[in-house]
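Chain and residue survey
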Amino acid sequence: MKSILLSLCLLGSALSADFPALYNSEPGNPSPMSPQQALKALKLPDGFKATLFAAEPDVQNPIGMAWDAKGRMWVAENYTYAERAKRFDLGLKDRVIILEDKDWDGVAETRKVFTDDVQMLTSVEVGRGGVWLMCPPQVLFIPDANGDDIPDGEPEVVLDGFTVADANYHNFANGLRFAPDGWLYGRCGHSCPGKLGIPGTPEEQRVPMKGGIWRYHPEKKIVEVLTHGTTNPWGHDWDQNGEMFFINTVTGHLWHLIHGAHLMDSNTMNPLIYEKLDTIADHYHYDRSGKWSDSRDGKANSFGGGHAHIGMMIYQADQWPEKYRNKLFTLNMHGRRANVERLERHGSGYVGKHEPDVFLSDDPWFRGIEISTGPDGSGFILDWSDTGECHDSTGVHRTSGRIFRISYGDPKKPEKPFAWRKPWPKADLDSPDDHSRVLAIRELTQFMPLDTIVGPMPHFEYFKHVPTDVVKILEMTAVNDKSSLVRLSLASTLQRLPVSMRANLAEILLKHTEDANDPFLSHLVWFGISPLKADSLLPIAKVCSWPKVTRWIARKLATEPEALNALLAFNSSDDVLEGMAEAFKGIRKAPKPANWNKVVASSKSPHLRDLSILFGDGRALDDVKKIALDDQADITAREAALKTLIEARPDDLRTICTKLLDVRGLNTAAARGLALFDDPEIGKQLAKNYRKFTPGIIDTLVSRPAFAKAMLTEMSAGNIPRTDLTAFQARQIRSFNDEALTKQLTEAWGELRESAADKKQLIEKVKAQLTPAALAKANLSNGRLLFTAVCGACHVMYGQGGKIGPDLTGSGRANLDYLIENIADPSGVVSADFRMSLLTLKDGRSLSGVIAEKNERTVTLRTVAETLTLERSEITKTESSPLSMMPEGLLLALQPDMVRDLIAYLMHPVQVK
């Protein structure tokens, strides 16, 4: 690095003498290859070349970057992010530096420290008279009105409420970026749900969010959540038309920002959101057939490198060849490369098409974390430079970091910085360009607050002042505009209107029969009209020709008898009946609509029979009994019929289930039906015939104290393997608070130890036993069998297993300390999404699992064996535990060689036979 940069670095060090000393925490103190070697390790397409713009010690742990009007790069350096056990080391501080390449040769000559007194820094942005920093749970503004790179005062908190969850620490808020529309945009992951507001905003007036995109208007002091969902968005940019796209680190990777959308992979805060939008990419960058191991260690390179995506830019300069212009670039962590997406119009929105990957690195420490177009049209890549993943289970290497400039040919010094940036189309409702019309709609409605929860919310007071002429303009546009993209913008605008003003615009949109099967419009219209009451939804249903919207209207109205009857008077289509079936899931009885007999006479819907039973039709119930008991019928049809009977609970249910208890393929379901009857003899019968059933029978045997007693008696006799009972189910037995039963559990299965001393002792004992030499002798195939038996009911690994607990494939399981501590002390850090709930039912049963969904009438519980939807009226007590669903003591039920095999398998990087 040039001498002037060195002198400025020394000056910065002198000014920051109290900056805490940095340390690296990886075991063995490994070191990355040198910056120059890392530069040589980049593989570029023909004609491209890379320069080392900056590297350690001048830049370290770069996590975000921004550009100022002078063409200088501002870099956020994060040192406080720590390994999983610490989460954050607040004995350290984070820093913002300014790098400048005055002669545009691709190497920064100067470095300044703007501030080194912030913490938990994830992003930096420059503009509006100062510097903006995302430091969860706050957004800070540091004024620098004269632009001398010296703060004019102390940081000002402009927004807060970006919670960093106690149970998760790597999905938090990030990504500050000003758009040409004047708003400051940002991102946040779903594991750190926020309640956003300017400082001092009362709790009830804050804007809730759980993952997605938000924005803030600095002058009007307004914050709004534009979309909910995804897992961990960590990159976004706008195209030349003003459409924003963003990247997600896992699951679906590519999304189009549609204001008011609810997206996949997040439990919605709005119970009226029945289905959420998925990724817009028509592909994934890993094998979705079940082998997540192919997403690591280069094994997914033929797909694109893996499931984790970080940083994003849409290239709009002309320094690179024409074929790269307007393409979307995102950094793929496991593939150590940039994925390229071609954005094409698809229906009312967009689809992402996979293009060949570029900018591959052979540096095993390469961790690209941001990509951006620089002042001269080159691309710039921040490299965090570390081992491991975002969880940093292997420790943190804080003293490395690189920035690469990627250029084509011989880049020229720009006449002025960012001359390549082109303005968005002009907002104009009369323009022949539909993008201009979309921007005009957004400009017209941007200060009408967006209601993405169940509105109106308290801060919507000035809804009263929405000009009626604005609504008329929107309605006329909906009538006349030929573009589905414009209609998508109008559909998203529904949530900006007062609820009382939404119906007419929705009806106009729904009359566009050409949009009936559009992949986006049905969702956005429903998101807008879902808060409407029956008197508004029924007229909408009369004009609606869109199947999904019809189904969702029926689902909402199904629980209102008068409204449902009115709907059936003019529409008894399969879409309506399907919506009804979804609404009544978990409900055993409902009043029969007056129009139901007419529906039965005219419909051939597959939902007709079950709905008739729900409404008390004895003939339909008799037909189902015949199917269940017909030994000549298809076994799948018989099982479905039996499950219907168990839901309906006819008077002769016990007799029917007893008859089917010896029928292979039906006996486990029959046993669950018998569990509805509190008879100890049933428990004894099930336990004695244990080997005739599938493993799901254990859930039935732990649902009642008498059943559990019978099971433990058989276990003591050696007739039921101890390993078949999970620690999760053992905790359920103990929750009965029956002293004799708990003693029997300890004698037959083992003890659940939960004191801190016991856990520490167990951790140290297991670590001492599992030496490298011991692990090398492990039987990995046996470990896989143990995982399936002990862990697989709750956890997915390599695409197989239950979904009660977290997917273990992508965890830090290669680290022995991390693995043992999480198994022995699973409640040390546990996400709220995986905490155990215990439900006590009126019929005496106890059920435990994860509450996956709930509404006014039902609760959906995900147990080890199945997913159950229960009427709230059946539940007498709900207990939520702050503990993990996986209790301590799992390892106590296993012999030492079994522990060895299981742990070795969990640590193994790929699947075994």
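Take the overall build of the chain next. Check the secondary structure of the chain and you find 27 helices and 35 strands. Across the 913 residues in the chain, those meeting the buried criterion constitute 59%. Counted over contacts in the chain with a minimum sequence separation of 6, partners at least 24 positions apart contribute 64%. By element, 52% of the accessible surface of the chain is carried by carbon and sulfur atoms, the whole surface being about 36,800 Å².

Where a strand is regular, its side chains alternate between the two sheet faces. Counting buried positions over the six residues of strand E8 (residues 130-135) gives six, a clear majority of the element. Adjacent in sequence and paired antiparallel, strand E7 (residues 123-127) and E8 are bridged by two residues, among which Arg128 carries a positive phi angle near 55°. As defined by bridge partners, E8 adjoins strand E9 (residues 138-143) across six bridges and the pair is classed as antiparallel. Directly across from Trp132, in E9, lies its bridge partner Phe141. Following E8, the chain reverses through two residues before pairing antiparallel with E9.

Let's shift gears to the packing of aromatic side chains. Using the criterion set out here, one finds 31 aromatic pairs in the structure. For the pair Phe48 and Trp320, a centre-to-centre distance of 5.5 Å together with 80° between the ring planes defines the contact as edge-to-face. Of this pair, Phe48 sits in strand E2 (residues 48-55) while Trp320 sits in the loop between strand E21 (309-314) and strand E22 (328-332), placing them 272 residues apart in sequence. A single burial state applies to Phe48 and to Trp320, both of which are buried. Seen in terms of ring centroids, Tyr315 and Trp320 are 4.3 Å apart; in terms of plane orientation they differ by 15°. Their pairing is stacked. Using a relative accessible area of 1% as the deciding quantity, one classes Trp320 as buried. The structure contains a cluster of three or more aromatic residues connected by ring pairs, namely Phe48, Tyr315, Trp320, Tyr324, Phe329, Phe359 and Tyr408. In this structure, Arg215 packs its charged tip against the face of Trp183, placed 3.8 Å from the ring centre. Seen from the ring of Phe677, Arg654 lies directly overhead, with NZ or CZ sitting 5.9 Å from the centre.

For the bond from Glu56 to Pro57, the omega torsion is 10°, close enough to zero to count as cis. Position of Pro57 among the secondary structure elements: in the loop between E2 and strand E3 (62-67). Cis peptide bonds are those with omega within 30 degrees of zero, and the linkage from Pro136 to Pro137 qualifies with 15°. When you line up the elements, Pro137 lands in the loop between E8 and E9. A positive phi angle, near 60°, is found at Trp104, a position not held by glycine.

Here we come to the confidence of the model for the chain. This prediction gives the chain a mean pLDDT of 89; 90% of its residues lie at or above 70. Contacts of residues 1-15 to residues separated by more than four positions or lying in other chains number 22 contacts, the stretch itself having pLDDT below 50.

Moving on to the pattern of salt bridges. Taken as a whole and judged by the stated rule, the model has 51 salt bridges. Between Arg487 and Asp515 there is a salt bridge whose closest N-O contact spans 2.6 Å. One end of the pair, Arg487, is in helix H5 (residues 484-493); the other, Asp515, is in the loop between helix H6 (503-510) and helix H7 (521-529), and 28 residues separate them in sequence. You'll find Arg487 and Asp515 in the same group, each marked buried. Through salt bridges with shared partners, a single network forms among Glu275, Arg551, Arg555, Glu578 and Glu582.

Judged by nonpolar contacts, the single largest core of 91 residues is most densely connected at Ile529, Met580 and Phe584. Those residues in contact with Met580, other than ones at most four positions away along the chain, are Ala554, Ala558, Leu564, Leu568, Trp596, Leu611 and Phe615. Judged by nonpolar contacts, the second largest core, of 74 residues, contains Cys657, Val790, Leu819 and Leu906.

Here the focus is helix H10 (residues 561-570). Taken as a whole, H10 has its buried residues at Ala563, Leu564, Asn565, Leu567 and Leu568. Its buried side turned inward, H10 meets helix H8 (534-543), helix H9 (547-557), helix H11 (574-583) and helix H12 (596-602).

In a pair of packed helices, the angle between the axes and the distance between the axes together describe the arrangement. Between H8 and H10, the shortest axis-to-axis distance is 10 Å and the interhelical angle comes to 15°. Taken as axis vectors, H8 and H10 run roughly parallel relative to one another. For the pair H8 and H10, the sense of crossing is right-handed. When H8 is examined against H10, the residues Ala534, Leu538, Ala541 and Lys542 are found in contact with a partner set consisting of Ala563, Ala566, Leu567 and Phe570. Partitioned by chemical class, the residues of the contact of H8 with H10 number seven nonpolar, no polar and one charged.

In spatial order, the strands read E17-E18-E19; together these three strands make up an open sheet with antiparallel pairing. Edge positions in the sheet fall to strand E17 (233-238) and strand E19 (254-256), since each has one partner strand and no second. Here the strands of the sheet are splayed against their neighbours by 25° on average, with no regard to which way each runs. Here four bridges tie E17 to strand E18 (residues 244-248), and the two strands are oriented antiparallel to one another. Its bridge partner lying in E18, His236 is registered against Phe246.

A few words on the sheet that holds E21. Read from one edge of the open sheet, four strands run E21-E22-E23-E24, paired in antiparallel fashion. Two strands bound the open sheet, and with one partner strand each, they are E21 and strand E24 (349-358). The mean inter-strand angle of the sheet, taken between neighbouring strand axes irrespective of direction, is 30°.

Attention now moves to the pairing of strand E26 (residues 368-373). Of all six residues that make up E26, six are buried, and the element is covered over most of its length. Hairpin connection of E26 to strand E27 (residues 379-383): five residues between the antiparallel strands, including Gly377 at a positive phi of 90°.

As for its placement among the helices and strands, Asn332 is situated in strand E22. Here the side chain of Asn332 touches Asn339 through a polar contact of 2.9 Å, side chain to side chain.

Parameters and conventions
- Residues numbered from 1 in each chain as written.
- Predicted model: local features only at pLDDT ≥ 70, side-chain atom pairs only at ≥ 80, totals over all residues.
- Heavy atoms only, no water.
- Helix = DSSP H or I, 4+ residues; strand = E, 2+ residues; numbered from the N terminus.
- Buried < 20%, exposed > 50% of the residue type's maximum accessible area, 1.4 Å probe, protein only.
- Contact = heavy atoms within 4.5 Å.
- Areas by Shrake-Rupley, 256 points an atom, 1.4 Å probe, with all protein chains shown as cover.
- Pairing = 2+ DSSP bridges.
- Phe/Tyr/Trp six-rings, centres within 6.5 Å; stacked < 30°, edge-to-face > 60°.
- Lys NZ or Arg CZ within 6 Å of the ring centre and 35° of its normal.
- pLDDT = per-residue confidence, 0-100.
- Salt bridge = Lys/Arg side-chain N within 4 Å of Asp/Glu carboxyl O.
- Core = buried A, V, L, I, M, F, W, Y, C linked by side-chain atoms within 4.5 Å.
- Axes fitted to C-alpha atoms, helices over the stretch in contact; angles between N-to-C directions.
- Parallel < 35°, antiparallel > 145°, perpendicular 65-115°, else oblique.
- Left-handed = near helix turned anticlockwise from the far one by under 90°.
- Nonpolar A, V, L, I, M, F, W, Y, C, P; charged D, E, K, R; others polar.
- Polar contact = N/O pair within 3.5 Å; in protein donor to acceptor, adjacent residues only side chain to side chain.

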